[in-house]
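Spelled out, the chains give:
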Amino acid sequence: MSLTNTRDNYGRIARWLHWTTAALFLAAYCSVYFRQWFTEKQTPENLTALQIHLSVGVTIAVIVVLRVLWRLGTTQPADEPGTPLAHRAAHLGHMALYAVMIVAPITGYLGTGVDTDFFFLFDIPKFESTALFQTVVANGMGLDFKTFEKPIDFIHKDVLGAWLIWLLIAGHAAAALYHHFVRRDRTLLKMTTGG
């Protein structure tokens with residue numbers, strides 16, 4: 001199996017980026033749901049779950065930047081046989097997934113009211129504490145953090161986190177399974193065994 005993509009398969013790097021992104025999104029959801037369902041506000045467990053969620057979110061942002069750069073700089077496997085409409089739908093679905101993978105970490109960081117203690121190794125200051133916030137949001141737009149945070153949190157939590165990300169992931173997984181079990185083509189194999 002090649003490190004780089006070929007016209008027939010994704011390479012090891014693309015597969016690692018894909019599956020690592022999937023695992024990180026799962027970890028982000030597990031930490032935030034654990035926080036909401038099993039902890040009381042302001043307890044050590046609650047704050048630890050929040051810091052894990054924030055750390056995973058920062059890691060997702062880094063992986064997604066690498067993933068976009070890799071995708072732009074390498075060959076993409078050829079589409080499996082299908083109609084132009086099916087190919088267009090697949091490409092639009094992938095574009096939507098990439099958009100969410102970019103917007104979710106950004107809105108998560110912008111709307112966070114605490115510093116991120118990145119996996120308890122070092123601190124990443126909250127957006128409110130940055131010169132960019134002071135210059136653009138506070139001075140340029142005349143907004144305080146609470147006013148700025150409200151629409152950002154709505155996008156991150158209520159639109160993306162509550163349903164859009166799940167909808168896109170479910171659609172992506174369903175399409176892969178459809179191709180594997182119904183169409184019996186190589187779509188899923190390209191991102192798994194390469195067989």
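Residues numbered from 1 in each chain as written. Predicted model: local features only at pLDDT ≥ 70, side-chain atom pairs only at ≥ 80, totals over all residues. Heavy atoms only, no water.

**Points about the overall build of the protein**
Broken down by element type, the protein carries 6 helices and 2 strands. Across the protein, helices and strands are ordered from the amino to the carboxyl terminus as α-α-α-β-β-α-α-α. Seen through its principal axes, the protein has C-alpha atoms that stretch 55 × 40 × 30 Å. Burial statistics for the protein: of 195 residues in total, 35% are counted as buried. In the protein, the share of contacts with a sequence separation of at least 24, taken over all contacts with a separation of at least 6, comes to 69%. Surface accessibility of the protein: about 11900 Å² in total, with carbon and sulfur atoms responsible for 70%. A distance of 12 Å separates the average location of the 16 positive side-chain charges in the protein from that of its 14 negative side-chain charges. (Helix = DSSP H or I, 4+ residues; strand = E, 2+ residues; numbered from the N terminus. Buried < 20%, exposed > 50% of the residue type's maximum accessible area, 1.4 Å probe, protein only. Contact = heavy atoms within 4.5 Å. Areas by Shrake-Rupley, 256 points an atom, 1.4 Å probe, with all protein chains shown as cover. Lys, Arg positive; Asp, Glu negative; His and termini not counted. Charge placed at Lys NZ, Arg CZ, Asp CG, Glu CD.)

**Side note on the environment of G161**
For G161, the location among the structural elements is in helix α5 (residues 145-183). Leave out the neighbours within four places in its chain, and G161 touches Y29, Y33, H156 and W166.

**Notes on the nonpolar core**
Formed by 17 residues in total, the largest nonpolar core has its most connected members in I60 and I165. At the level of secondary structure, the elements contributing two or more residues to this core comprise α1 (12-38), α2 (44-73), α3 (84-110) and α5. Contact partners of I60, with chain neighbours within four places excluded, come to L24, F25, A28, M101 and P105. One finds L110, F127, F133 and F145 within the second-largest nonpolar core, a separate group that totals 7 residues. (Core = buried A, V, L, I, M, F, W, Y, C linked by side-chain atoms within 4.5 Å.)

**Things to note about the packing of aromatic side chains**
Evaluated as defined, the whole model comprises 13 aromatic pairs. Relative to F38, the ring of F34 lies with its centre 5.8 Å away and its plane at 40°, an arrangement referred to as tilted. Of the two residues, F34 and F38 are both situated in helix α1; the distance of 4 residues between them amounts to about one turn of the helix. When its relative accessible area of 60% is taken as the criterion, F38 is described as exposed. Here F127 and F148 contribute two aromatic rings whose centre-to-centre distance is 5.7 Å and whose plane-to-plane angle is 40°, an arrangement assigned as tilted. Here F127 is found in the loop between β2 (122-124) and α4 (131-140), whereas its partner F148 is found in helix α5, with 21 residues between them in sequence. Put simply, the rings of Y29, Y33, F34, W37, F38 and W166 pair up and form one aromatic cluster. (Phe/Tyr/Trp six-rings, centres within 6.5 Å; stacked < 30°, edge-to-face > 60°.)

**Topic: the pattern of salt bridges**
Applying the stated criterion across every chain yields a total of 3 salt bridges. Ionic pairing is found between E80 and K190, a salt bridge with its closest N-O pair at 3.0 Å. Here the residue E80 occupies a position in the loop between α2 and α3, and K190 occupies one in helix α6 (residues 187-191), the gap between them amounting to 110 residues. Considered together, E80 and K190 belong to a single accessibility category, that of buried residues. K126 is paired through a salt bridge with E128; the nearest N and O atoms lie 3.7 Å apart. Owing to a relative accessible area of 27%, E128 belongs among the partly exposed residues under this scheme. (Salt bridge = Lys/Arg side-chain N within 4 Å of Asp/Glu carboxyl O.)

**Points about α1**
Its 27 residues place the ends of α1 37 Å apart at the C-alpha level, agreeing with the 39 Å of an ideal helix rising 1.5 Å per residue. Those residues of α1 not exposed but buried are A14, R15, L17, H18, T20, T21, L24, F25, A28, Y29, S31 and V32. (Expected span 1.5 Å × (residues − 1).)

**Digging into the packing of α1 against α5**
At a minimum axis separation of 13 Å, α1 and α5 run at an interaxial angle of 145°. Helix-helix and strand crossings are classified by hand; for α1 and α5 the assignment is left-handed. Two secondary-structure elements touch here, α1 through H18, F25, Y29 and Y33 and α5 through L160, G161, I165, W166 and H172. Residue classes in the contact of α1 with α5 are distributed as 6 nonpolar, 3 polar and no charged. (Axes fitted to C-alpha atoms, helices over the stretch in contact; angles between N-to-C directions. Left-handed = near helix turned anticlockwise from the far one by under 90°. Nonpolar A, V, L, I, M, F, W, Y, C, P; charged D, E, K, R; others polar.)

**Remarks on the environment of F34**
Of the residues examined, F34 reaches a relative accessible area of 40% and is grouped as partly exposed. For F34 and A49, which are 15 residues apart along the polypeptide, the C-alpha to C-alpha distance reads 7.1 Å. Apart from the residues lying within four places of it in its own chain, the contact partners of F34 are T39 and A49.

**Things to note about a nonpolar patch on the surface**
On the surface, a cluster of nonpolar side chains totalling about 510 Å² of accessible area is made up of I52, F119, F120, L121 and F122. For L121, the location among the structural elements is in the loop between β1 (116-118) and β2. Note on L121: relative accessible area 68%, which makes it exposed. (Patch = residues over 30% accessible without salt bridge, like charges linked within 9 Å, V, L, I, M, F, W, Y side chains within 5 Å.)

Interpretation note: all reported values are geometric properties and have no functional meaning in isolation.
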